[in-house]
Amino acid sequence: MCYLSTGTSKQISKIGLGTWQFGSREWGYGSQYADEVAQAIVRRALELGVTLFDTAEIYGFGRSERILGRALGDKRESVFLATKILPVLPVAPVVEQRAVASANRLGAHRLDLYQVHQANPLVRDGTIMRGMRALQRVGLVGEVGVSNYSLQRWRAAEDALGSPVLSNQVPYSLVARAPEQDLLPYASAHGRIVLAYSPLAQGLLSGRYRPGNRPTNRVRATNPLFLPENLQRASELLAVLAEVAAAHSVTPAQIALAWVIRHPAVAAIPGASSVEQLEGNVAAAEIDLTDDQYQALADAAARFRPLTGPAVLPHLARARIGR
Ligand SMILES: NC(=O)c1ccc[n+]([C@@H]2O[C@H](COP(=O)([O-])OP(=O)(O)OC[C@H]3O[C@@H](n4cnc5c(N)ncnc54)[C@H](OP(=O)(O)O)[C@@H]3O)[C@@H](O)[C@H]2O)c1
């Protein structure tokens, strides 16, 4: 495993584990996954040197935090534990109470990273950061992070907190490259981190899904990337991924992760539906892409033009009724 070179007291692994899948209905992995497989995934991640574990109060309405806390057991205090608050009513006393509730569900004395899940469009960050400051003062929260923030709002959050907001958790993958424009340069220049979520584009970049073999769970049924038309359009990118994967004797998913974490300010938090996937994802940290391979992937990614916006609506409706 490789680790970020940030000044945090605990190491942050370049490949972490995302746990939205744990106990949440929308992924549809069922009770055996929640009760047994998730535990095994976390145990194996610990054995393989993963230190970054990401959850949120909203995942499975607290079930993900509970499952993760139980699986980590007495290792809770040695990993870099990250969770998130949904800023519905982000006044300081509510923020403080919600952090305590998350820590209780996780069984942790401290949240190493407490992230604002998304920017509240109506309430400025001064309000929520008052609560975050208090939580840092009493030691319940180590670092403050944000998620789905623009650069402008990330910087405003830092002004409001009065100290660095360590990380911004955003979609970053071969099919979601917006962070390259401003978030990554900012993170590099200022010792901040970008946490890449959906680094496998929810499984699209594994190459397992095709127009005739689409995933059926609720998360991906509503993700336009999995429309037959877009899966078709992705075939060239998937072919380049497969070619680079063959050159390294690894899988396309591993190459997709290696591509994302090549940037020094990025750690990725892929989810996993099995222990085998977790093992593959962790091993991706050891893959060294050549400059040519990195560029070939970036070029193929730039040529991928999925249907987006209102144009996808009729396709989503058709896909829903199975046509
Ligand atoms: N902050 C936010 O707003 C936000 C939003 C979304 C996600 N997140 C976080 O980011 C994490 C990851 O994002 P995500 O779950 O959306 O997408 P992801 O990590 O890109 O995709 C995860 C899915 O890809 C498949 N997969 C994983 N490893 C694989 C491998 N080695 N080979 C083949 N397939 C593999 C699995 O699905 P199948 O096996 O079923 O195909 C798995 O459930 C989440 O768990 C969550 O912690 C945060």
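Look a little higher up for the structure.
Reference entry: report on the structure contained in this document. Small disclaimer: the values here were computed from a predicted structure and weren't measured.

## Points about the packing of helix H1 (residues 30-47) against helix H11 (residues 275-283)
Interhelical geometry of H1 versus H11 gives an angle of 25 degrees and a closest axis separation of 9 Å. When the axes of H1 and H11 are compared, the pair comes out roughly parallel. For the element pair H1 and H11, the recorded crossing hand is right-handed. Along its contact with H1, which presents Ala40, Ile41, Arg44 and Ala45, the element H11 presents Val275, Leu278 and Glu279. Residue classes in the contact of H1 with H11 are distributed as 5 nonpolar, no polar and 2 charged.

## What to know about the nonpolar core
Core analysis: the largest hydrophobic core is formed by 88 residues, its most contacted members being Phe53, Tyr114, Met129, Trp154, Leu174, Leu205 and Leu297. Beyond its immediate chain neighbours, meaning those up to four positions away, Leu205 contacts Ser173, Leu174, Val175, Pro199, Leu200, Leu237, Leu238, Leu241, Pro252, Ala253 and Ala256. Counting residues in each nonpolar core, the second largest holds 11 residues, with Ile12, Leu166, Leu195 and Ile269 among its members.

## With respect to the side chain of Arg98
The topology assignment puts Arg98 in helix H3 (residues 92-106). The residues contacting Arg98, other than those within four sequence positions of it, are Glu57, Ile85, Leu86 and Tyr114.

## Side note on empty space enclosed by the protein
Scanning the entire structure with this criterion turns up 1 cavity of 30 Å³ or more. Taken as a whole, the largest cavity spans an internal volume of roughly 30 Å³. What lines the largest cavity is Pro87, Pro90, Val116, Gln118, Ala119, Asn120, Val123, Arg124, Asp125, Ile128, Tyr149 and Arg153. Per-class residue counts for the lining of the largest cavity are 7 nonpolar, 2 polar and 3 charged.

## Notes on the sheet that holds strand S7 (residues 193-197)
Sheet strands associate in pairs through backbone hydrogen bonding, adopting either a parallel or an antiparallel arrangement. Strand order across the open sheet formed by 8 strands is S1-S2-S3-S4-S5-S6-S7-S8, with parallel pairing between neighbours. Each end of this open sheet is capped by a strand with a single partner; those strands are strand S1 (17-18) and strand S8 (266-268). Packed on one face of the sheet, helix H4 (residues 125-137) meets strand S3 (80-85), strand S4 (111-116) and strand S5 (141-147) and runs near 155 degrees to S5.

## As for the pairing of strand S6 (residues 167-171)
Most of S6 sits out of view: 4 of its 5 residues are buried. Summarising the sheet, S5 and S6 pair through 3 bridges and their orientation is parallel. Across the sheet, the residue bridging to Ser147 is Gln169, located in S6. Tracing the backbone out of S5, into helix H5 (residues 151-161) and back to the parallel element S6 gives a crossover that is right-handed. Chirality of the crossover, the property in question, places the unit of S6, helix H6 (residues 183-190) and S7 among those that are right-handed.

## Focus: a nonpolar patch on the surface
A contiguous nonpolar surface patch, about 270 Å² in accessible area, is contributed by Val88, Leu89 and Val91. In this fold, Leu89 is placed in the loop between S3 and H3.

## Quick look at the site of the ligand
Within the structure, the ligand sits among 31 residues, and Gln21, Tyr29, Tyr209, Arg220 and Ser273 are positioned closest to it. At 2.7 Å from an oxygen atom of the ligand is found a side-chain nitrogen or oxygen belonging to Arg220. Of the residues assigned to the shell around the ligand, the class counts are 12 nonpolar, 15 polar and 4 charged.

## A closer look at the side chain of Thr83
Position of Thr83 relative to the elements: it lies in strand S3. Other than its neighbours up to four places away in sequence, Thr83 contacts Thr55, Ala56, Glu57, Glu65, Ser102, Leu106, Leu111, Leu113, Tyr114 and Gln115.

## Considerations on unusual backbone geometry
The backbone of Phe61 shows a phi angle near 50 degrees, a positive value even though the residue is not glycine. Structurally, the position occupied by Phe61 is in the loop between strand S2 (52-54) and helix H2 (63-72). For Ser249, which is not glycine, the phi dihedral falls at a positive 55 degrees. Mapped onto the elements of the fold, Ser249 is located in the loop between helix H9 (235-248) and helix H10 (252-260). When its relative accessible area of 69% is taken as the criterion, Ser249 is described as exposed.

## Quick look at H4
Helix length check: H4 (13 residues) gives 18 Å between terminal C-alpha atoms against 18 Å at 1.5 Å per residue, within 8%. Residues of H4 that are buried include every one of Asp125, Thr127, Ile128, Met129, Gly131, Met132, Ala134 and Leu135, and no others. Close packing links the buried residues of H4 with S3, H3, S4, S5 and H5. The positive-phi residue at the C-terminal boundary of H4 is Gly139, with phi of around 85 degrees.

## Quick notes on a positive patch on the surface
Where like charges cluster on the molecular surface, the positive patch consists of Arg25, Arg63, Arg66 and Arg218. Here Arg63 is to be found in helix H2. Look at Arg63 and you get partly exposed, because its relative accessible area is 34%.

Reading the values: rules and limits
Residues numbered from 1 in each chain as written. Predicted model: local features only at pLDDT ≥ 70, side-chain atom pairs only at ≥ 80, totals over all residues. Heavy atoms only, no water. Axes fitted to C-alpha atoms, helices over the stretch in contact; angles between N-to-C directions. Helix = DSSP H or I, 4+ residues; strand = E, 2+ residues; numbered from the N terminus. Parallel < 35°, antiparallel > 145°, perpendicular 65-115°, else oblique. Left-handed = near helix turned anticlockwise from the far one by under 90°. Contact = heavy atoms within 4.5 Å. Nonpolar A, V, L, I, M, F, W, Y, C, P; charged D, E, K, R; others polar. Core = buried A, V, L, I, M, F, W, Y, C linked by side-chain atoms within 4.5 Å. Buried < 20%, exposed > 50% of the residue type's maximum accessible area, 1.4 Å probe, protein only. 1 Å grid on protein atoms, 1.4 Å probe; cavity = no way out; pocket = protein on both sides within 12 Å on 5 of 7 lines; lining within 4 Å. Points joined across faces, edges and corners; volume = space filled by probe spheres on them. Pairing = 2+ DSSP bridges. Right-handed = clockwise from strand over helix to strand, strands pointing away. Patch = residues over 30% accessible without salt bridge, like charges linked within 9 Å, V, L, I, M, F, W, Y side chains within 5 Å. Areas by Shrake-Rupley, 256 points an atom, 1.4 Å probe, with all protein chains shown as cover. Salt bridge = Lys/Arg side-chain N within 4 Å of Asp/Glu carboxyl O. Near = heavy atom within 4 Å. Polar contact = N/O pair within 3.5 Å; in protein donor to acceptor, adjacent residues only side chain to side chain. Expected span 1.5 Å × (residues − 1). Lys, Arg positive; Asp, Glu negative; His and termini not counted. Charge placed at Lys NZ, Arg CZ, Asp CG, Glu CD.

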